[in-house]
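Next come the chains, spelled out residue by residue.
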Amino acid sequence: MSLQVAAQINSFLAAIVLLTAFAMLMQRRVYGLIHLFTWQGLFLSINTAIVGYVANRHHLYISSILTLSLKVILLPYILHMLIIKLKIHKEVETVVNSSFTMFIGIALVIFSYYLTAPVTELSTSITRSTLAVALATVMIGLLMMITRRHAVTQIIGFLAMENGLFFAATSATYGMPLVVELGVALDVLIAAFIFGIFFFHIHTTFDSLDVDQMARLKEGD
Amino acid sequence: MENTISPLCKIEVFAPINVASLSIALLLLLPALAAIFRRRQSALVAACSALIGFSSLLSIIAGVWTVSSHITGRLVLPIGLPDLPFHLRLDPLSGFFLFVVGLLSFFVSVYSAGYMRGIAAHRPVTRLVSFYGLFVAGMFMVVLADDALFFLVSWEVMAAASYFLVMFEDEKAVNRRAAFLYMVIAHVGAIAILLSFGVMAGIASGFESFNGYTFDAMRQAKFPLEWATVAFLLSFFGFAAKAGVVPLHVWLPEAHPVAPSNISALMSGVMLKTAIYGIVRITFDILKVFPWWWGAIVLVLGLVSAVMGVLYALMQHDLKRLLAYHSVENIGIILIGIGLAMIFTSFNLSVLAALALIAGLYHTLNHAMFKGLLFMGAGAVLHATGERNMEEMGGLIHQMPWTAALFLVGCISISALPPFNGFVSEWLTFQAFLLSPSLPSSLIRLLVPLGAALLALTGALAAACFVKAFGVTFLGHWRGHGRPHVHEADWFMRAGMLMAAVTCLLLGIFPTMVVEWLDIIPGQLLGATISTSAGAAGWMWLTPIAPERASYSGLVVLFGFIMIFAAAYFILHIKAGKIQRVPVWDCGFEKMTARMQYNATSFSMPIRRIFGFLFNIGEHKRLSPQSAHPAFPAKMHYYLRVRDRFWNWLYMPVTKTSFWFSRGIGNLQRGRIQTYLIYSFITIIILLVFVR
Amino acid sequence: MNPFSFFIEIVQVATLLGLAPLFIGWVRMLKCWTQGRSSASILQPYMDLAKLFRKNVVLAENASWVFRFTPYLVFCTAVLAGGIIPILSVDLPFAPTADVIVLVGLFATARFFTALAGMDIGTAFGGMGSSREMTIASLAEPAMLMSIFTVSLANKSTSIAQIVQVIYSGQSVLRPSLAFAFFAFILITLTETGRIPVDNPATHLELTMIHEAMILEYSGRHLALIEWASMMKLFLFVMLGIACFAPWGIAESVDIVTVLYAFIFMVLKLGIVGAGLILIETGLAKMRLFRLTEFLGAAFLMATLGMLSFFILE
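Residues numbered from 1 in each chain as written. Chains lettered and ligands numbered in written order. Predicted model: local features only at pLDDT ≥ 70, side-chain atom pairs only at ≥ 80, totals over all residues. Heavy atoms only, no water.

## Comments concerning the overall build of chain C
Of regular secondary structure, chain C possesses 11 helices and 1 strand. Secondary structure of chain C in N-to-C order comes out as α-α-β-α-α-α-α-α-α-α-α-α. In terms of C-alpha radius of gyration, chain C reaches 19 Å, essentially the compact-globule figure of 20 Å for 314 residues. For chain C, with 314 residues in total, the buried portion stands at 67%. Considering only intrachain contacts with a sequence separation of at least 6, the fraction spanning at least 24 residues in chain C is 80%. Of the roughly 10300 Å² that chain C leaves accessible, carbon and sulfur atoms contribute 68%. (Helix = DSSP H or I, 4+ residues; strand = E, 2+ residues; numbered from the N terminus. Rg over C-alpha atoms; globule rule 2.2 N^0.38 Å. Buried < 20%, exposed > 50% of the residue type's maximum accessible area, 1.4 Å probe, protein only. Contact = heavy atoms within 4.5 Å. Areas by Shrake-Rupley, 256 points an atom, 1.4 Å probe, with all protein chains shown as cover.)

## Topic: the side chain of Ser152 of chain C
Locating Ser152 of chain C in the fold gives a position in helix H5 (residues 124-155). Excluding residues within four positions of it along the chain, Ser152 of chain C makes contact with Leu434 of chain B together with Ser157 and Thr158 of chain C.

## Some points on the packing of aromatic side chains
Per the stated rule, a full pass over the model turns up 54 aromatic pairs over all chains. With a centroid separation of 4.3 Å and an interplanar angle of 5°, the aromatic rings of Phe232 of chain B and Trp294 of chain B are classed as stacked. Placement of Phe232 of chain B in helix H9 (residues 225-243) and of Trp294 of chain B in helix H12 (residues 292-314) is noted, with a sequence separation of 62 residues between them. Trp294 of chain B shares its class with Phe232 of chain B; the two are buried. Measuring from centroid to centroid gives 5.2 Å for Phe407 of chain B and Phe474 of chain B, while their planes differ by 45°, and the two rings are tilted. Here Phe474 of chain B lies in helix H18 (residues 442-474) and Phe407 of chain B lies in helix H16 (residues 401-414), a separation of 67 residues in the sequence. Taken together, the aromatic side chains of Phe565 and Tyr569 of chain B together with Trp65, Phe69, Tyr72, Phe112 and Phe113 of chain C make up a single cluster linked through ring pairs. Directly above the aromatic system of Phe168 of chain B lies the positively charged group of Arg123 of chain B, at a separation of 4.9 Å from the ring centroid. Here the basic side chain of Arg494 of chain B rests over the ring of Trp491 of chain B, its NZ or CZ set 4.0 Å away from the ring centre. (Phe/Tyr/Trp six-rings, centres within 6.5 Å; stacked < 30°, edge-to-face > 60°. Lys NZ or Arg CZ within 6 Å of the ring centre and 35° of its normal.)

## Some thoughts on the domain arrangement of chain B
Considered domain by domain, chain B is made up of domain 1 (297-570 + 596-603) and domain 2 (649-691). The C-alpha-based centres of domain 1 of chain B and domain 2 of chain B are spaced at 50 Å. (Domains from an automatic or database assignment.)

## A word on empty space enclosed by the protein
For the structure shown, the criterion picks out 10 cavities of 30 Å³ or more. Contributions of two or more residues to the lining of the largest cavity are made by helix H17 (421-433) and H18 of chain B together with helix H4 (100-120) and H5 of chain C. At 5 residues, the largest contribution of residues to the lining of the largest cavity is made by H18 of chain B. In this structure, the second largest cavity occupies an estimated 90 Å³ of space. (1 Å grid on protein atoms, 1.4 Å probe; cavity = no way out; pocket = protein on both sides within 12 Å on 5 of 7 lines; lining within 4 Å. Points joined across faces, edges and corners; volume = space filled by probe spheres on them.)

## Re the interface of chain A and chain B
Interface extent is often summarised as the accessible area lost during association of the parts. Listed per partner, the contact involves 4 residues of chain A and 5 residues of chain B. Interface of chain A and chain B: buried area, both sides summed, is about 430 Å²; carbon and sulfur atoms make up 84% of it. In terms of surface lost to chain B, no three residues of chain A exceed Ile110, Tyr113 and Tyr114 of chain A, which account for 86% of the buried area on that side. Counting across the interface, chain A meets chain B through 0 salt bridges. (Buried area = accessible area lost by both parts, 1.4 Å probe. Salt bridge = Lys/Arg side-chain N within 4 Å of Asp/Glu carboxyl O.)

## Some thoughts on helix H3 (residues 59-85) of chain A
All names here are of chain A. The end-to-end C-alpha separation of H3 is 37 Å, in line with the 39 Å expected for 27 residues at 1.5 Å each. A bend of about 30° at Leu74 is the largest found in H3, and the proline Pro76 appears one to four places after it. Positive backbone phi, approximately 55°, marks Lys87, located one or two places after H3. (Expected span 1.5 Å × (residues − 1). Bend = angle between axes of the 7 residues up to and from the residue.)

## Thoughts on a nonpolar patch on the surface
All names here are of chain B. A contiguous nonpolar surface patch, about 1100 Å² in accessible area, is contributed by Trp660, Phe661, Ile665, Leu668, Tyr676, Ile678, Tyr679, Ile682, Ile686 and Phe690. Where the nonpolar patch is concerned, the elements lending two or more residues are helix H26 (645-666) and helix H27 (673-691). With respect to the helices and strands, Leu668 occurs in the loop between H26 and H27. Accessibility expressed as a relative area gives 44% for Leu668, which makes it partly exposed. (Patch = residues over 30% accessible without salt bridge, like charges linked within 9 Å, V, L, I, M, F, W, Y side chains within 5 Å.)

## Comments concerning the interface of chain C and chain B
With 78 residues of chain C in contact, the opposing surface of chain B contributes 78 residues. With both chains or domains summed, chain C and chain B bury close to 6900 Å², and 76% of this area falls on carbon and sulfur atoms. If you look at where chain C meets chain B, you find 0 salt bridges. Inspection of the region where chain C meets chain B yields 25 residue pairs in polar contact (both at pLDDT 80 or more). Sorting the residues of the side of chain C that touches chain B by element identifies strand E1 (58-60), helix H3 (65-82), H4, H5, helix H9 (220-245) and helix H11 (292-313) of chain C as the ones contributing at least two each. Among the elements that take part in the side of chain C that touches chain B, H5 of chain C stands out by supplying 18 residues, more than any other. Looking at the side of chain C that touches chain B residue by residue, the classes come out as 48 nonpolar, 21 polar and 9 charged. Pairing analysis gives 3 bridges linking strand E3 (residues 580-582) of chain B to E1 of chain C, with the strands arranged parallel. Looking at E1 of chain C, one finds that Val582 of chain B is bridged to Ala60 of chain C. (Polar contact = N/O pair within 3.5 Å; in protein donor to acceptor, adjacent residues only side chain to side chain. Nonpolar A, V, L, I, M, F, W, Y, C, P; charged D, E, K, R; others polar. Pairing = 2+ DSSP bridges.)

## Side note on H16 of chain B
Residues and elements named next belong to chain B. For H16, built from 14 residues, the straight-helix expectation of 20 Å at 1.5 Å per residue is met to within 8% by its first-to-last C-alpha distance of 20 Å. Among the 14 residues in H16, 11 count as buried, and that is most of the element. Among the residues of H16, those classed as buried are Thr403, Ala404, Leu406, Phe407, Leu408, Val409, Gly410, Cys411, Ile412, Ser413 and Ile414. Following H16 by one or two positions, Ala416 adopts a phi angle in the positive range, close to 60°.

## Structural notes on the packing of helix H13 (residues 319-346) of chain B against helix H14 (residues 350-385) of chain B
All names here are of chain B. Interhelical geometry of H13 versus H14 gives an angle of 175° and a closest axis separation of 8 Å. Judged by the inter-axis angle, H13 sits roughly antiparallel to H14. Of the residues that constitute the contact of H13 with H14, the class distribution is 18 nonpolar, 9 polar and 2 charged. (Axes fitted to C-alpha atoms, helices over the stretch in contact; angles between N-to-C directions. Parallel < 35°, antiparallel > 145°, perpendicular 65-115°, else oblique.)

## With respect to the environment of Thr38 of chain A
Residues and elements named next belong to chain A. Structurally, the position occupied by Thr38 is in helix H2 (residues 30-55). It is 9.2 Å that separates the C-alpha atoms of Thr38 and Leu68, two residues lying 30 residues apart in sequence. Polar contacts involving the side chain of Thr38 include one to the main-chain carbonyl oxygen of Ile34, which spans 2.6 Å.

## Looking at the pattern of salt bridges
All names here are of chain B. One pass over the full model with this rule turns up 22 salt bridges over all chains. In this structure, Asp216 and Arg74 form a salt bridge, with 2.7 Å as the shortest nitrogen-oxygen distance. With a gap of 142 residues between them, Asp216 in helix H8 (residues 215-220) and Arg74 in strand E1 (residues 73-81) connect regions that are remote in the sequence. Assessed through its relative accessible area of 22%, Asp216 is described here as partly exposed.

## Observations regarding the pairing of E1 of chain B
All names here are of chain B. Summarising the sheet, E1 and strand E2 (residues 84-90) pair through 7 bridges and their orientation is antiparallel. Of the residues in E2, the one forming a bridge with Gly73 is Leu90. Counting the residues in the hairpin turn of E1 and E2 gives 2 residues, including Asp83, whose phi is positive at 70°.

## Details of the nonpolar core
Across soluble globular proteins, nonpolar side chains show a tendency to be buried alongside one another. Counting 438 residues, the largest nonpolar core has Phe96, Phe151, Phe197, Phe284 and Phe470 of chain B together with Phe112 and Phe235 of chain C as the members making the most contacts within it. At 22 residues, the largest contribution of residues to this core is made by H14 of chain B. Apart from residues lying up to four places away in sequence, Phe151 of chain B is in contact with Val142, Ala145, Ile193, Phe197, Phe215, Phe239 and Tyr277 of chain B. (Core = buried A, V, L, I, M, F, W, Y, C linked by side-chain atoms within 4.5 Å.)

## Re the confidence of the model for chain B
On average, residues of chain B score 89 in pLDDT, and 98% of them are at 70 or above. Here helix H22 (residues 531-534) of chain B is the element of chain B with the lowest mean pLDDT, 80, and H16 of chain B is the one with the highest, 96. (pLDDT = per-residue confidence, 0-100.)

Here's what the structure looks like:
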């Protein structure tokens with residue numbers, strides 16, 4: 001596999017990651033959302049492995065395996081169990097004004113391209129052009145958290161953001177030091193557990209996972 | 001090219017500029033003629049049409065001559081203010097616009113011979129005739145003017161004459177209101193243009209003398225960027241107000257429909273183009289050097305106007321209002337071309353700029369032709385039925401076959417469908433969009449092609465709108481209560497429309513010739529031409545960049561249509577069975593009435609729903625249950641009101657502020673002489689303080 | 001430009017006219033199979049057309065010339081497009097007549113007249129069909145053009161023959177921009193040829209009737225021409241997709257052997273595309289008319305992402 005081809009595969013995977021990010025933005029079914037998240041993790045992990053091969057950084061293989069086990073197997077499994085336990089796996093969320101959200105998403109892609117253009121010009125890494133996509137993935141994850149009301153969607157948005165950050169690290173500097181990466185992975189895992197526990201509590205308190213309900217918690221109500 | 005004409009040539013009688021001046025002089029005679037013939041209205045109509053037709057022909061000659069032989073003529077008239085004579089100049093850019101104005105004005109003058117006779121039957125047309133002449137003369141003068149003074153005088157002649165033409169049927173309050181709105185916005189714009197000229201003239205002469213008022217002096221001046229920007233923004237604001245660019249478009253759909261239809265044709269077809277002329281003249285010829293974001297402003301406003309214009313048009317059910325909104329759209333498309341040309345110019349990509357500029361100018365010519373044609377058609381319909389509301393019309397194709405066919409040509413052209421002319425210029429604009437990868441800045445490179453999507457949306461929506469306009473007006477059954485006696489337009493009107501329709505087709509199938517003919521304009525303004533590449537594969541194929549990059553041949557498309565059509569028709573009619581005429585089948589539904597047809601409102605309902613967030617839509621239903629049970633109402637009324645959001649966003653605050661302000665000013669007026677003396681006294685004191 | 005290429009041109013148009021009904025027959029057959037029905041013969045569309053051509057024309061009383069002119073015009077655009085899109089060979093004498101944008105324009109012309117014909121008789125159904133068709137078109141066309149622009153930007157040309165040649169000469173295979181554009185193109189093709197998401201080519205049901213509603217009043221040879229043209233339209237969209245995204249097999253030079261190979265390749269590709277089409281069509285549920293914006297929005301998003309990734313990633 002030549003470097004050229006590897007770079008092409010890399011940018012192709014970047015495009016697919018971006019596509020999954022958009023698909024998650026548009027997806028209304030909680031179930032489908034988890035599937036999309038799984039796919040995104042899978043592409044990310046393949047991409048990391050390829051970058052590791054291209055840049056000859058062996059620790060990237062480890063982070064690739066880490067991603068695979070955490071984001072493709074473990075977290076989706078937890079989420080899966082969670083929504084089945086809470087009996088919300090068939091819920092369909094209403095997405096308000098989806099085309100408007102989509103245009104904001106496109107604008108975010110352009111904006112992140114604008115932001116990363118100076119970095120891209122300075123960088124010499126072969127994967128530098130995917131930095132814009134990575135940043136866009138982060139922002140779309142955030143956008144997803146803003147536009148959705150369902151708590152499960154919120155956490156998936158959060159995890160998608162983390163995917164984007166990880167992707168950015170891989171494409172800009174060939175990954176973070178392994179220690180940092182392990183730490184982040186642990187954080188994400190723990191965050192997911194905590195979220196899971198909170199879901200149960202929110203669900204038992206409000207009988208719904210609609211985060212708008214939490215507005216009732218504020219004082220004087 | 002500049003200054004190659006020696007002063008001696010001015011004496012030469014037979015020069016394009018003299019021909020053009022003669023045509024203006026003839027037009028200025030028209031009010032006098034109107035005064036003489038005012039007792040014999042039909043003779044007046046004939047004389048007016050003949051005179052305007054003749055002077056339009058003269059200016060067509062002058063225009064074609066100038067553009068074809070690349071000459072620049074000048075003339076200095078010792079009238080105007082003392083020491084400030086009027087300068088006239090006819091270069092290819094002016095020549096092109098002179099040609100556009102002259103051509104449509106010629107077609108309209110033929111049409112008017114029939115149309116104004118219809119008006120003269122029930123009201124005097126003396127006023128119409130005099131202002132019609134002044135109006136056309138004003139447009140000719142604007143494109144010939146070569147100094148700020150003469151330009152503004154011509155601009156005002158044009159604006160004032162068109163104001164009186166909009167006011168022609170002044171017994172209706174709505175017309176007076178439309179004319180007033182038009183006057184206000186036109187003058188806000190004119191003030192901006194005046195200020196812009198002031199800035200440029202001041203810098204040209206170093207704020208020392210009045211000599212900077214000629215365009216020549218301005219051309220030679222070096223403008224500091226900040227002042228150039230001020231001048232550009234002011235003039236663009238002024239011209240945008242005249243051209244009806246969103247959000248300054250509100251006067252256009254009010255004023256254009258209420259004018260007599262021949263005047264609407266001219267106002268929409270060519271008066272708006274004088275503003276385009278102004279923009280091109282000031283940016284490319286006078287200021288010359290500019291940063292890219294000027295172009296971006298023009299491009300973005302062009303895109304917004306194009307999309308908003310066509311969406312507003314879709315919401316209309318008044319035929320002439322619909323057409324007026326389409327003028328907003330098409331001005332937008334022209335500005336897209338010009339904006340792209342400006343962006344390319346600012347990065348020194350002059351060949352690409354030449355392509356974009358030609359696309360814009362080509363669309364200018366095309367829009368003049370098809371919009372003129374459509375307004376003439378709408379005039380014929382109005383003349384025949386006395387109706388502008390499409391909800392009442394239908395089935396006119398049977399009574400008015402000529403008008404229907406010619407109006408259809410206009411519809412196809414404006415919807416940008418091959419092989420007619422609207423398509424060619426939109427295609428060129430798309431090609432200009434696709435050249436964006438040559439731009440050096442990565443962000444602009446990426447943003448520009450996204451604009452092409454908006455242009456595509458505009459084109460598709462325009463097609464939807466004209467299916468509605470033609471389908472509801474001419475096809476189906478008559479929708480109104482009681483059927484008026486409808487008659488076909490007379491031969492003059494048909495001839496005027498026919499000529500415009502034929503021009504639409506010719507401009508569509510011979511684009512290479514038009515592009516080569518126009519090529520001198522970017523050649524002079526930008527120093528680059530595209531004719532060598534445009535005709536690289538022969539005159540039949542238009543290849544704007546290179547033959548392997550893109551090619552189009554309207555002629556082959558047309559011939560292909562004709563050949564295949566003939567073959568299919570011939571084969572199928574060797575032993576064709578008889579055509580049987582029967583009542584409508586309609587899936588077996590019976591008792592269908594003409595009121596059950598889709599009408600203008602229902603046709604655009606899906607689009608109204610999808611793009612509804614852009615409008616201020618008021619919709620309510622009222623049931624009148626006269627039968628036993630409320631579930632079975634006897635009648636249902638449906639009210640729909642679609643309003644421009646810009647009214648609330650932009651105009652209401654402005655009007656409110658100005659009312660508030662004038663009320664405040666009004667407080668100064670006390671009615672006591674002593675108070676006024678105090679005002680004068682205070683003023684004198686303040687002045688003295690400053691003078692010291 | 002040799003006389004042989006003119007011959008190929010004629011062969012190509014004949015292929016279009018001849019194979020379009022067969023392709024429809026194949027698609028219908030597959031659809032029956034996926035739904036567990038026994039299918040009609042693959043040649044059924046030919047028999048339908050032949051029957052319609054033999055029948056007399058029954059015309060509504062107030063039909064104008066627009067109504068009678070439309071079938072011929074729609075047929076003309078389809079045949080004309082068949083002479084321009086490289087189906088068998090890129091070396092066509094008429095290929096420079098139109099690039100991809102013009103082709104979109106040609107299809108738009110056909111649609112414009114079909115919609116007018118729908119309004120001509122003055123029935124509620126016809127108007128409904130026209131209104132919906134133009135609405136869908138106004139959303140589909142920008143997405144279509146965006147997809148095409150991405151292809152043109154990536155191949156630096158809007159002429160289809162040139163696009164084919166650039167793809168042949170290029171060594172790069174994985175281009176995210178083209179992949180996105182391709183997906184967008186599939187969605188648009190499904191919409192434009194009236195298969196999904198709203199329209200149903202097989203029924204006369206008010207809710208799913210768009211194209212059918214407009215041509216409800218046609219009969220005899222007029223209906224035959226329109227039906228034939230709509231078969232050709234599907235065929236041409238497939239061919240356009242193949243030429244822009246997977247041209248391998250289309251002859252570059254005109255000698256009889258390569259053209260023969262091209263023909264075989266084309267038939268193979270048609271078979272595969274037909275199967276794919278039916279898989280999508282059976283797998284996707286029909287949509288309410290106003291959910292259409294989401295479907296076409298997705299197509300537009302794909303096309304836009306394609307264009308963005310062309311600039312960002314390539």
